[in-house]
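Understanding the architecture of this molecule
The residues making up each chain are set out below.
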Amino acid sequence: MPNFAKIHNAEDLRRAAAAYLPAPILDFIDGGAEDETSVRNNRAVFERVRFRPRTLVDVETRSIAATLLGKPAAAPIGIAPMGGLSNFAPAAELAMARACEAAGIPYCLSTAAGISIEDLRRAVPGARLWYQLYVFQDDAVNDGIVRRAQDAGYDAMIVTTDTHMGPKRERDRRNGFALTLERSPRNVARVLARPRWVWDVLIRAGLPGMPNLAAHAPEATGNLAATKYFIANRRRAFDVAQLRALRRVWKGKLLVKGVLRADEAVQVLEAGADGIVMSNHGGRNLDGAAAPLQMLPEVADAVGGRMHVLIDSGFRRGTDIVKALALGAEGVLLGRPAAYAVAAGGEAGVAHLIGLTKDEIDRTLGYLGCTTVDQLGRDHVLLDHASPGRNEPGL
Ligand SMILES: Cc1cc2nc3c(=O)[nH]c(=O)nc-3n(C[C@H](O)[C@H](O)[C@H](O)COP(=O)(O)O)c2cc1C
């Protein structure tokens, strides 16, 4: 367990994770598609938004509580769906969900999770759980998963639409990593260099594959088979009509993850969905995709107030989160920082990350002269190449 007193931010958590994880697994978390320009741009855009603080305000009493998808949350954040977590720490999904429950924020389980929908629900009966759906060719698989998430009381379904093409992540290709690691001499050496991980993850916990997928597609049983199924069976034909069909089946909140354009956000709204997660998948899929933060002002102008707008990709700090809220997002999902945190320290690591993030959000609010998150607005930020009186969208 790392010394949390010395871990002050997501980058510190990454360093702690790097000491625990074999290099190809760390590369899988860190990496993006092709030249990784999207990954870098996702971070760079935050520097093009500056705060316009207000100081003569009584901020003695503050609250960072928020409303996410119509329900109260202790902060305007949740944890993004991530597959492959079983490679990072034993029972990683459970650790994340427990930390989220204790912190009063939602946790989103991935289709590629290593724990079943029902087992997670039973383990954290009081947690606020969302489910992320990858749509496969076989409707029996999709329908079965959706029904089970509904029966288990997950209160939102987030259908990811930006992963229909197989991404070209060159670090993983070089490392021979596709959720399972090729047994090359180099990889064996790199795995053996992390004996604690070998003991915890490979020997004691084992790699569970994707049980939710395997329950409906028996040929996807086991880690390697699940990965192969995943790659071979993505649906590339998911469109607005199919979104409408899903809307008829799923009773809870329905969101589409991967939307970046205002016109597509409007289509999602018209299809009867409740919201979007603006995302470029953390730069892991389409290299060169705009950062969601860049697209947020125009999307918020088009649909703001009429649908829930969550956002992810590149968020590492409370200040990043507050910038997105000021530009019109309802909440932010944390991706890689939570992956580093769970590898660095399991549930305690994720709890530490959430605590740091909450503290930074609170401090930023106070500096801006706000006492609640719903006081944030575009007036609190200055966009690059906009002068204070003419704060137009377009970072
Ligand atoms: C290791 C890893 C696995 C991921 N798996 C999924 C997944 O199964 N489903 C999904 O919709 N997004 C997945 N994502 C994308 C995240 O949900 C989120 O969009 C992204 O991590 C946000 O960018 P950030 O990591 O820079 O914060 C994954 C991301 C990472 C880092």
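The structure reproduced in this document is the subject of the present report. (Residues numbered from 1 in each chain as written. Predicted model: local features only at pLDDT ≥ 70, side-chain atom pairs only at ≥ 80, totals over all residues. Heavy atoms only, no water.)

On to the overall build of the protein. Looking only at helices and strands, one finds 16 helices and twelve strands in the protein. With respect to the principal axes defined by its C-alpha atoms, the protein has extents near 60 × 50 × 40 Å. Expressed as a percentage of the 395 residues in the protein, the buried residues total 58%. Put simply, of all contacts in the protein between residues at least 6 apart along the chain, 72% involve residues at least 24 apart. Accessible surface, the protein: about 16,300 Å² in total, of which carbon and sulfur atoms supply 52%. Seen as two clouds, the 49 positive and the 44 negative side-chain charges of the protein have centres 3 Å apart. (Helix = DSSP H or I, 4+ residues; strand = E, 2+ residues; numbered from the N terminus. Buried < 20%, exposed > 50% of the residue type's maximum accessible area, 1.4 Å probe, protein only. Contact = heavy atoms within 4.5 Å. Areas by Shrake-Rupley, 256 points an atom, 1.4 Å probe, with all protein chains shown as cover. Lys, Arg positive; Asp, Glu negative; His and termini not counted. Charge placed at Lys NZ, Arg CZ, Asp CG, Glu CD.)

Extensive coverage of strand S6 (residues 129-133) is indicated by the burial of five of its five residues. Judged from the three bridges that link them, strand S5 (residues 107-109) and S6 form a sheet pairing that is parallel. Within S6, the residue paired with Cys108 across the bridge is Trp130. Between the parallel pair S5 and S6, the chain is carried across by helix H5 (residues 117-123), and the sense of this crossover is right-handed. Relative to strand S7 (residues 156-160), S6 runs parallel, the two being bridged by four bridges. Looking at the pairing, Tyr131 lines up with Met157 of S7. Viewed along the sheet, the connection from S6 through helix H6 (residues 139-151) into S7 turns out right-handed. (Pairing = 2+ DSSP bridges. Right-handed = clockwise from strand over helix to strand, strands pointing away.)

The phi dihedral of Glu34 is positive, around 45 degrees, even though this residue is not glycine. You can see Glu34 is positioned in the loop between helix H2 (23-30) and helix H3 (37-44). Looking at Glu34, the relative accessible area reads 40%, which means it is partly exposed. Even without glycine at this site, Leu69 takes up a positive phi of about 50 degrees. The residue Leu69 is located in the loop between strand S2 (66-68) and strand S3 (71-73) in this model.

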